[in-house]
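# Fold and geometry: a report
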Amino acid sequence: MTGKGSGRPARHVPQRHVPQRTCVVCRRQVDKRRLTRIVRTADSGVLIDPTGKRNGRGAYLCDQASCWDKVIRHAGILNGALNAQVTEAELAAIAADPRRPTPAEAG
Ligand SMILES: [Zn+2]
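Criteria and cut-off values
- Residues numbered from 1 in each chain as written.
- Predicted model: local features only at pLDDT ≥ 70, side-chain atom pairs only at ≥ 80, totals over all residues.
- Helix = DSSP H or I, 4+ residues; strand = E, 2+ residues; numbered from the N terminus.
- Buried ≥ 20, exposed ≤ 12 C-beta atoms within 10 Å, placed from the backbone.
- Contact = placed C-beta atoms within 7 Å.
- Pairing = 2+ DSSP bridges.
- Axes fitted to C-alpha atoms, helices over the stretch in contact; angles between N-to-C directions.
- Arc of directions from axis to C-beta.
- Core = buried A, V, L, I, M, F, W, Y, C linked by C-beta atoms within 7 Å.

Moving on, we get to the overall build of the protein chain. What the protein chain contains, in helices and strands, is three helices and five strands. When the elements of the protein chain are put in sequence order from the N terminus, they spell out β-β-β-β-β-α-α-α. When each of the 107 residues of the protein chain is scored for burial, the buried share is 21%. Long-range pairs, those at least 24 residues apart, make up 49% of the contacts in the protein chain between residues at least 6 apart in sequence.

Next comes the structure, spelled out in structure tokens:
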């Protein structure tokens, strides 16, 4: 191949193949099934992608309530991760999503 300098790091193959992604807030590597994908679509703006298959730049959010809190309160996190301008309405939709974990200490 002539693909010199394509920048792909040599990947080390783990023993078990469990796909992992990094949470945009806490930067932890988490099992993909425990993450929620947020995607920036061309036609519908920034939204939660329950299928994980929509086209567009994506960011992953883990199942910690504190991480959801942060992306909802600080639009800059998603703006940076998605290279987008997330609107208040989009953040409100994420905040209202049923996948949002509830804080353990709620009461
Ligand atoms: Zn997180």
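Continuing now.
The next point concerns the sheet that holds strand β5 (residues 57-61). With antiparallel pairing, the three strands of this open sheet are ordered in space as β4-β3-β5. The outermost strands of the open sheet, each flanked by one partner alone, are β4 (45-49) and β5. Taken pair by pair, the neighbouring strands of this sheet meet at an average axis angle of 25 degrees, ignoring direction. On top of the sheet, helix α2 (residues 75-82) reaches β3 (36-41), β4 and β5; it is set at about 135 degrees to β5, its chief contact.

Although it is not a glycine, arginine 27 sits at a positive phi angle of roughly 65 degrees. Looking at the element boundaries, arginine 27 is found in the loop between β1 (20-22) and β2 (29-31). C-beta crowding within 10 Å serves as the criterion here: with 9 such atoms nearby, arginine 27 is assigned to the exposed category.

Glancing now at helix α1 (residues 65-73). Note on helix geometry: an α-helix contains 3.6 residues per turn, so any two residues three or four positions apart are oriented the same way. Buried within α1 we find Cys67, Trp68 and Val71. Taken down its axis, α1 places every buried residue within 100 degrees of arc, on the same side. Turned more than 90 degrees off the buried face of α1, the exposed positions are Ser66 and Arg73. Where the residues of α1 are buried, they touch β5, α2 and α3 (88-95).

Moving on to the pairing of β3. Sheet faces and side chains relate simply in a regular strand, where the side chains alternate between the two faces. Judged from the five bridges that link them, β3 and β5 form a sheet pairing that is antiparallel. Each residue of the ladder has a partner; that of valine 39, found in β5, is glycine 58. Hairpin connection from β3 to β4: three residues lie between these consecutive antiparallel strands.

Time to look at the environment of leucine 35. Along the chain, leucine 35 turns up in the loop between β2 and β3. Note: C-alpha distance between leucine 35 and leucine 61 (26 residues apart in sequence) is 5.3 Å. Apart from residues no more than four positions distant in its own chain, leucine 35 is found in contact with Arg21, Cys23, Val30, Tyr60, Leu61 and Cys62.

We now examine the nonpolar core. Formed by 19 residues in total, the largest nonpolar core has its most connected members in Cys23, Val24, Leu61, Val71 and Leu78. Of all the secondary-structure elements, those providing two or more residues to this core are β3, β5, α1 and α2.

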